[in-house]
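# Reading the structure
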Amino acid sequence: GLELSHCVGANSLGPAVPWRSGGPCKMKRVRTVFKPEQLERLEQEFLKQQYMVGTERVDLAATLHLTETQVKVWFQNRRIKWRKQSMEQKAAKLSQFGVIQPATADSTDIKDHEEDTVDVEL
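Residues numbered from 1 in each chain as written. Predicted model: local features only at pLDDT ≥ 70, side-chain atom pairs only at ≥ 80, totals over all residues. Heavy atoms only, no water.

## Considerations on the packing of aromatic side chains
Under the defined criterion, the tally for this structure stands at 4 aromatic pairs. Judged by centre distance (6.1 Å) and plane angle (50 degrees), the rings of phenylalanine 46 and phenylalanine 75 are tilted. You can see phenylalanine 46 sitting in helix H1 (residues 36-48) and its partner phenylalanine 75 sitting in helix H3 (residues 68-96), a full 29 residues away along the chain. Phenylalanine 75 matches phenylalanine 46 in its accessibility class, with the two residues each being buried. Each ring, one from phenylalanine 46 and one from tryptophan 82, has its centre 6.1 Å from the other, and the planes form 80 degrees; the classification is edge-to-face. With phenylalanine 46 in helix H1 and tryptophan 82 in helix H3, the pair connects residues that are 36 residues apart, well separated along the chain. Its relative accessible area of 2% is what places phenylalanine 46 among the buried residues. (Phe/Tyr/Trp six-rings, centres within 6.5 Å; stacked < 30°, edge-to-face > 60°. Helix = DSSP H or I, 4+ residues; strand = E, 2+ residues; numbered from the N terminus. Buried < 20%, exposed > 50% of the residue type's maximum accessible area, 1.4 Å probe, protein only.)

## Observations concerning the confidence of the model for the chain
Considering every residue of the chain, the mean pLDDT works out to 76; 61% of them sit at 70 or more. A low-confidence stretch, residues 9-18 (pLDDT under 50), is modelled with 7 contacts involving residues beyond four sequence positions or located in other chains. Here residues 107-122 is a poorly scored stretch, pLDDT under 50, and it has 12 contacts once near neighbours within four places are set aside; other chains count. (pLDDT = per-residue confidence, 0-100. Contact = heavy atoms within 4.5 Å.)

## Considering H3
If you check H3, its first and last C-alpha atoms are 42 Å apart, about what 29 residues at 1.5 Å a residue would give, namely 42 Å. Turning to H3, its buried residues are Gln70, Val71, Trp74, Phe75, Arg78, Arg79 and Leu94. The positive-phi residue at the C-terminal boundary of H3 is glycine 98, with phi of around 85 degrees. (Expected span 1.5 Å × (residues − 1).)

## Section: the nonpolar core
Core analysis: the largest hydrophobic core is formed by 11 residues, namely Phe34, Leu42, Phe46, Met52, Leu60, Ala61, Leu64, Leu66, Val71, Trp74 and Phe75. Of all elements in the fold, only H1, helix H2 (54-64) and H3 reach the threshold of two or more residues within this core. Setting aside residues up to four positions removed in sequence, leucine 60 forms contacts with Arg41, Leu42, Glu45, Met52, Val71 and Phe75. (Core = buried A, V, L, I, M, F, W, Y, C linked by side-chain atoms within 4.5 Å.)

## Thoughts on unusual backbone geometry
The phi angle at histidine 65 is positive, at roughly 60 degrees, despite the residue not being glycine. Among the secondary structure elements, histidine 65 is positioned in the loop between H2 and H3. Its relative accessible area of 73% is what places histidine 65 among the exposed residues.

## A closer look at the packing of H2 against H3
Here H2 crosses H3 at 110 degrees, and the two axes come no closer than 8 Å. Considering the angle they form, H2 stands roughly perpendicular to H3. Touching Arg57, Val58, Leu60 and Ala61 of H2 are Glu68, Val71, Lys72 and Phe75, all from H3. (Axes fitted to C-alpha atoms, helices over the stretch in contact; angles between N-to-C directions. Parallel < 35°, antiparallel > 145°, perpendicular 65-115°, else oblique.)

Dropping the structure here:
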C-alpha cells in the first residue's frame, strides 16, 4: 500500500478534506526518497532497458529493498524524463540549423518536422 502522512491539522491552509474518502482529514502520500546506491542501480538498469517488467522488476525491487510499485513508478518517471530530454536535444539540434519549433511542440510535432528536415554535415 501507499504510505500516508498524518492528517492535516487545524493549522493547515484550508479545510480538512477527505482523501479518497479515507476519513475526516486530508491524507497525503509520502514521497519515496531513494538512497544514492538505489538510484545508481536503477539508472544502470535503465541504460540497459527502458522497460522493467515481470520477474526482472520483482528481483530488482527485492535486491534494492524497494516495493515492486516503487520500481515501476521510478521507471515510468525516468522514461518521461528521458523523452523530455530527447525532445529538448532534437529541438536544440533543429534550432542550430534555423528550424524554429513551436513553444508547445509535443513528440508528434517534432516527428512531423523531422521528415521535412535535411541532415547537414559540417
